[in-house]
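# Fold and geometry: a report
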Amino acid sequence: MTRFVLLLSALLILAGCAPGDSGRDTASAPAVDALHDHSEEFEEDVIEVTDGVYVAVGFGIANSIMIEGDDGLIIVDTMESMEAAERIAERFREISDKPVEAIVYTHSHPDHILGAGAFVDADDDVEVLAHESLQDQADKISSELQPIITRRSMFMFGNQLRDEDRTNVGIGAFVDTHEDSTVQMIRPTRTFDDRLEVEVAGVRVVLEHAPGETDDQILVWLPEKEVLLPGDNIYKAFPNLYTIRGTSYRDPTQWADSLDRMRELKPQYMVPSHGRPLSGQDHIHSVLTDYRDGIRYVYDQTVRMMNAGLTPDEIAARIELPPHLAESPYLQPFYGKPEWSARAIYSGLLGWFDSNTTNLHPTPPAEKARRMTDLIGGVQALEKEVEKAAEAEDHQWVLELTDYLLRVEPGNDIGRQARVASLRALAAEESNPNARHYYLTEAGELAGDLTVPNRLVEPTDNMLESIPLEQFFRGMSVALDAEAALDVHKRVTFEFSDPDEAYTLVVRNGVTELLEGKDPDADIHVRVDSLAFKQLLAEQRGGIQSVMLDFEYVKGGRLGFGRFLNLFDPEVEPVAGN
């Protein structure tokens, strides 16, 4: 199978802390000093919030929360890996040895779901509660977007950087996922749409849908204890209305509405899923109000400028929080930024077109770089402009000029060295760790000091078995090499004994269609063990060997089936000069 990579493992969406070498000590700057100070928010500790409520902070990127009942425990959010979760589970057991009766997932992000197995034994009868859309959200990213999200996450979280080049990741100390990590998500056993009230171990628990950072986000309310668990709808940083690793549209109006609902509850205690807990009704109300006001301000003013005809670039350059909000400790740009949010709002509401007719059919990037280089006077003239900008420490302009130069001549040493230096200089001035890590990681990769892979760890058999077969076929669909399949019309039935399922995958002139069940008119019909099939797609089994040994051919032969599988290739040849 030609370069067939389907990395169906949600744990890779959030990458970990594999040590690397950025090749340079970054200089200190006031903004970076503020980022260092922000690390105090994530000092490792297990904190008793109030009677029977404990939160583990600083064991990874997220928190895990334990609620102690009469004869059992509730765990809310389970970290990004088994290793992070096991350290927390050990600390929780020092507080209480009561059995875990229920697990609650506040949303589908991997740092909240992938360590569940550390808190319970495999044969424990544990109820797992979540919003009804959580599983679909997790599965979609793992099957369709995993390679690009993984790589961009590694840039954003600085996986390959040295420890000293990562202070914190904005909403947590670090991401505890690396090449030796293991994960074990337990799939939800009970889901709900709008609201669910349950009693677990004598504790009354109210779960409410509260879309914000994700559409499947929920809040957890303990009415007798007056404790609010808001999930990721608030943390001590400006919210990621858009995350630079990539995300679908996060509706700021829904997010603000969810915060309004939290204010109505008037909690005495608030335990976010990132950072330290808060106490005091008035203080929590003030923080929630500032947070929702910050979100509404950016949304409202962005739309105002959109309606006035401003472009995304113009809006991003102008949007700033008013002083009283800009001073809030909970709205510092340690995770999201107003300018990124404004761009996402524009795109989310109006799409990519900015009303400039030039951009209806823009010149392709490689051709534009060549034409701009010619306009400047050729490569040597462009090199001089790059050197002039570098000497003036005009680092952003260096990046924009080298965008052209390195497209025209990817190996240009002047452009490469100037870009590396400017990336590192910009990182030294950057208080947002997402942006800072992106700068440093690109610099390290361009300098040849580090490599960012498309995946970090191998999925385990348990992980593969837990993912529905349909998700693997979705992954195949987005890996189809359409050009190679333009003249192909094939129907292939895949029959599985464990589970007892069958699917027919149709490739029709560059497009796929997945049908449930067997097709008596299929060109090829194979039987295969589901785990062997999943391991093949995850590149854990050799393609030729698997085609020869793992599949039983009810109809058609190995050669034709091998040719069919070779149509699925996620790699795309770059455009010349791109």
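Note that this is a predicted model, so its numbers are computed, not measured.

Definitions and limits used
- Residues numbered from 1 in each chain as written.
- Predicted model: local features only at pLDDT ≥ 70, side-chain atom pairs only at ≥ 80, totals over all residues.
- Heavy atoms only, no water.
- Patch = residues over 30% accessible without salt bridge, like charges linked within 9 Å, V, L, I, M, F, W, Y side chains within 5 Å.
- Areas by Shrake-Rupley, 256 points an atom, 1.4 Å probe, with all protein chains shown as cover.
- Salt bridge = Lys/Arg side-chain N within 4 Å of Asp/Glu carboxyl O.
- Lys, Arg positive; Asp, Glu negative; His and termini not counted.
- Charge placed at Lys NZ, Arg CZ, Asp CG, Glu CD.
- Helix = DSSP H or I, 4+ residues; strand = E, 2+ residues; numbered from the N terminus.
- Expected span 1.5 Å × (residues − 1).
- Buried < 20%, exposed > 50% of the residue type's maximum accessible area, 1.4 Å probe, protein only.
- Pairing = 2+ DSSP bridges.
- Phe/Tyr/Trp six-rings, centres within 6.5 Å; stacked < 30°, edge-to-face > 60°.
- 1 Å grid on protein atoms, 1.4 Å probe; cavity = no way out; pocket = protein on both sides within 12 Å on 5 of 7 lines; lining within 4 Å.
- Points joined across faces, edges and corners; volume = space filled by probe spheres on them.
- Nonpolar A, V, L, I, M, F, W, Y, C, P; charged D, E, K, R; others polar.
- Axes fitted to C-alpha atoms, helices over the stretch in contact; angles between N-to-C directions.
- Contact = heavy atoms within 4.5 Å.
- Domains from an automatic or database assignment.

### Looking at a negative patch on the surface
There is a patch of like negative charges on the surface, built from D70, D71, E101, D121, D123, D124, D125, E127 and E199. Of note, E127 is situated in strand 6 (residues 127-131).

### A few points about helix 5 (residues 281-307)
For helix 5, with 27 residues, the first-to-last C-alpha span of 38 Å sits near the 39 Å given by 1.5 Å per residue. Positive backbone phi, approximately 95°, marks G309, located one or two places after helix 5.

### Some words on the pairing of strand 17 (residues 524-528)
For strand 17, the buried fraction is high: four of the five residues fall into the buried class. Pairing geometry for strand 14 (residues 489-496) and strand 17, over five bridges, is parallel. Bridge pairing in strand 17 links V492 to I524. The pairing of strand 17 with strand 18 (residues 552-555) spans three bridges and is antiparallel. Residue pairing for strand 18: H525 is matched across the bridge by K555.

### Topic: the packing of aromatic side chains
Taken as a whole, this structure holds 15 aromatic pairs when the rule is applied. Here the aromatic rings of F551 and F561 are separated by 4.8 Å at their centres, their planes lie at 55°, and the arrangement is tilted. Placement of F551 in the loop between helix 17 (543-549) and strand 18 and of F561 in helix 18 (residues 558-565) is noted, with a sequence separation of ten residues between them. Among the aromatic residues, ring-to-ring pairing joins F473, F494, F496, Y503, F533, F551, Y553 and F561 into one connected group.

### Some details on empty space enclosed by the protein
The full count for this structure, using the stated rule, is two cavities of 30 Å³ or more. Empty space within the largest cavity amounts to approximately 80 Å³. What lines the largest cavity is a set of 14 residues, among which H109, I171, E213, R245 and Y335 lie closest to the centre. For the lining of the largest cavity, the residue count by class is five nonpolar, four polar and five charged.

### Quick word on the sheet that holds strand 15 (residues 501-508)
Here we have five strands laid out as an open sheet, ordered 16-15-14-17-18, and mixed in their pairing. The sheet is open, and its two borders are formed by strand 16 (511-516) and strand 18, each paired with just one other strand. When the angles between neighbouring strand axes are averaged without regard to direction, this sheet yields 25°. The pairing of strand 15 with strand 16 spans six bridges and is classified as antiparallel. Bridging from a neighbouring strand, T504 pairs with L515 of strand 16. Along the sheet, helix 15 (residues 469-477) makes contact with strand 14, strand 15 and strand 16, crossing strand 15 at roughly 10°.

### Let's talk about the domain arrangement of the chain
We note that the domain assignment places domain 1 (32-350), domain 2 (365-447) and domain 3 (461-566) within the chain. Distance from the C-alpha centre of domain 2 to the C-alpha centre of domain 3: 44 Å.

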